[in-house]
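Fold and geometry: a report
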Amino acid sequence: MFAACAFGAVGFADDYIKVVNRRNLGLTSKAKLGLQVATSILIAVALITMQTWGMYSTRLLVPFLKQFHPDLVIENLVSNPAIWPLAFLPFIGFVMLVIVGSSNAVNLTDGLDGLAIGCTVIAAGALAVLTYVSGHATFADYLGLEHMPLAGELTIFCGAMVGSAIGFLWYNAHPAEVFMGDVGSLALGGAIGTVAVMIKQELLLPFIGGIFVIEAVSVILQVTSYKLRKKRIFKMAPLHHHFELLGWSESKIIVRFWIASLVFALFALTTLKLR
């Protein structure tokens, strides 16, 4: 809830400045990213605190490698009183990358009516399944997952996110009557990333939110290519605009991206058995 509200507040500030100033420039990119990073660091610190209480683990769960659980906290440095805070930097950096990346990826996807929220329904639904099996002792043991008794509470949160997203989609479907804005996209992306970190499925998140990742990567590739070669890879980024310029109708792009998102999410869930 803190992640959703905090990232939503950043998005609200950005949208509010745009409306008040009557221009497309809201928060500066540095200010927006700085606030997102600060929020992610607070979440990481909270998770480290939960670890000291035995409620969380900083070890990674790697799909297809059941016995490989690298710890993102450097144990050798924890016992050193002079530099012990440095032991947590890899974990904090990783959490920051996952949550900030997830938040901005959803934000970049929000370019066509119903596109981002439809993909959010699918991603949140997949996370609801993952949180349930992680909180169920029998299922977690059978699937080779880390059992987290309190993860069942996250199932309720993910279910609420699915329900509210479906309700929003009713009015955001093409042609949209209501728009998400940064307040919605940043909040949803931040919440999705935080849930993935809490249930130790960070490495599965690129598949759960496959379309979000593809949209974000398309922007990174476009910007990098233009800066280095002065050439564009796509007609326009994010990727959905590329297909618009190819002549695809908006409705066709949205539905096909939904289908791709569903395929990614189903693949993510099948990895539970393949482990």
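That block above? That's the structure.
Bear in mind the structure is a predicted one, so any value in this text is a computation, not a measurement.

**Examining the side chain of Asp113**
Relative to the helices and strands, Asp113 resides in the loop between helix H4 (89–109) and helix H5 (115–135). Within the structure, the side chain of Asp113 is placed 3.3 Å from the side chain of His174, a separation counted as a polar contact. One polar contact links the side chain of Asp113 to the main-chain amide nitrogen of Ala176, over a distance of 3.0 Å.

**Concerning the nonpolar core**
Ranked by size, the top nonpolar core spans 73 residues in total, and within it Phe91, Leu127, Ile199 and Ile208 carry the most contacts. In this structure Leu127 touches Cys158, Ile192, Val195, Ala196, Ile199 and Ile208, once residues within four positions along its chain are discounted.

**Side note on the environment of Glu75**
Relative to the helices and strands, Glu75 is located in helix H3 (residues 75–78). A sequence separation of 13 residues divides Glu75 from Phe88, and the C-alpha atoms of the two residues are 9.2 Å apart.

**Side note on unusual backbone geometry**
Backbone torsion omega between His174 and Pro175 reads -5°, so that peptide bond is classified as cis. Along the chain, Pro175 falls in the loop between helix H7 (151–172) and helix H8 (181–198). With an omega of 0°, the peptide bond between Ala237 and Pro238 qualifies as cis. Mapped onto the elements of the fold, Pro238 is located in the loop between helix H10 (210–229) and helix H11 (239–245).

**A word on the packing of aromatic side chains**
Applying the stated rule across the entire model yields 7 aromatic pairs. Judged by centre distance (6.1 Å) and plane angle (85°), the rings of Trp84 and Phe88 are edge-to-face. Judged by its relative accessible area of 43%, Trp84 is partly exposed. Taken together, the aromatic side chains of Phe243, Trp248 and Phe257 make up a single cluster linked through ring pairs. Its guanidinium or amino end placed over the ring of Trp248, Arg256 lies 4.7 Å from that ring's centre, counting from NZ or CZ.

**Remarks on the pattern of salt bridges**
In this structure the tally under the stated criterion is 5 salt bridges. Of the charged contacts, one joins Asp182 and Lys18 as a salt bridge, the two residues approaching to 3.9 Å between their closest N and O atoms. Here the residue Asp182 occupies a position in helix H8, and Lys18 occupies one in helix H1 (residues 2–21), the gap between them amounting to 164 residues. Residue Lys32 is joined to Asp182 by a salt bridge in which the shortest nitrogen-to-oxygen separation is 3.1 Å. In this pair, Lys32 sits in helix H2 (residues 29–52) while Asp182 sits in helix H8, placing the two residues 150 residues apart along the sequence. The exposure classification of Lys32 matches that of Asp182, with both residues buried. Each of the salt bridges in this network shares a partner with another, and the network as a whole consists of Asp14, Lys18, Lys32 and Asp182.

**Concerning the packing of H10 against helix H12 (residues 250–274)**
For any two helices packed against each other, one specifies the inter-axial angle together with the distance between the axes. Contact geometry of H10 with H12 gives a least axis separation of 8 Å together with a crossing angle of 115°. Residue-level inspection shows Gly210, Ile211, Ile214 and Glu215 of H10 in contact with H12, the latter providing Phe257, Ala260, Ser261 and Phe264. A class-by-class count of the residues in the contact of H10 with H12 yields 5 nonpolar, 2 polar and 1 charged.

**Quick word on the state of the cysteines**
Following the criterion strictly, the structure yields 0 disulfides and no others. Between Cys119, a cysteine without a disulfide, and Cys158, which holds the nearest cysteine sulfur, the sulfur-to-sulfur distance is 16 Å. Considering cysteine sulfurs only, Cys5 is the nearest to Cys158, which forms no disulfide, with 15 Å between them.

**What to know about the environment of Ser225**
Its location among the elements puts Ser225 in helix H10. In this structure Ser225 touches Lys230, Lys231 and Ile233, once residues within four positions along its chain are discounted.

**Structural notes on the layout of surface pockets**
Taken as a whole, the largest pocket encloses approximately 1100 Å³ of empty space. Listing elements by their share of the lining of the largest pocket, those giving two or more residues are H1, H2, H4, H8, helix H9 (205–208) and H10. Of the residues that constitute the lining of the largest pocket, the class distribution is 23 nonpolar, 12 polar and 6 charged.

**Points about the environment of Gly167**
Take Gly167: it is sitting in helix H7. Using a relative accessible area of 35% as the deciding quantity, one classes Gly167 as partly exposed. A sequence separation of 46 residues divides Gly167 from Val121, and the C-alpha atoms of the two residues are 10 Å apart.

Reading guide: rules and limits
Per-chain numbering applies: the sequence of each chain, read as written, is numbered from 1 onward. Only residues with pLDDT of at least 70 get local features here, since the model is predicted, and only at 80 or more are side-chain atom pairs given and counted; chain-wide, interface and lining totals rely on the full set of residues. Excluding hydrogens and water, the side-chain figures rest on all heavy atoms present in the structure. Helix and strand assignments come from DSSP, with helices taken as H or I runs of at least 4 residues and strands as E runs of at least 2, each series counted from the N terminus. For the purposes of these results, a polar contact is taken to be a pair of N or O atoms within 3.5 Å, where, inside protein, one atom must be able to donate a hydrogen and its partner to accept one; residues adjacent in sequence count only when each atom of the pair is a side-chain atom. For this analysis, a nonpolar core means a set of buried residues of the types Ala, Val, Leu, Ile, Met, Phe, Trp, Tyr and Cys, connected via side-chain atoms within 4.5 Å. Here the term buried applies to any residue with accessible area under 20% of the maximum for its type, exposed to any over 50%, and partly exposed to those in between, with areas from a 1.4 Å probe on protein chains only. The criterion used for residue contact is that any of the two residues' heavy atoms lie within 4.5 Å. Ring pairs shown here join Phe, Tyr and Trp side chains whose ring centres sit within 6.5 Å, with only the six-membered ring taken for Trp; geometry is labelled stacked below 30 degrees between planes, edge-to-face above 60, and tilted in between. Geometrically, a lysine NZ or arginine CZ counts as sitting over a ring once it is within 6 Å of the ring centre and also within 35 degrees of the ring normal. A pairing counts as a salt bridge when a side-chain nitrogen of Lys or Arg comes within 4 Å of a carboxyl oxygen of Asp or Glu. Note on method: axes are straight lines fitted to C-alpha atoms, helices fitted across the in-contact stretch only, with angles between N-to-C directions ranging 0 to 180 degrees. Side-chain classes are defined by residue name, with Ala, Val, Leu, Ile, Met, Phe, Trp, Tyr, Cys and Pro counting as nonpolar, Asp, Glu, Lys and Arg as charged, and the others, Gly among them, as polar. Two cysteine sulfurs form what is called a disulfide whenever their separation falls within 2.5 Å. In this analysis the probe radius is 1.4 Å and the grid spacing 1 Å, with only protein atoms considered; a cavity is a set of points the probe fits into but cannot get out of, a pocket is an open set with protein on both sides within 12 Å along at least five of seven lines, and lining residues have an atom within 4 Å of a point. Grid points are joined across faces, edges and corners, and a volume is the space filled by probe spheres set on the points.

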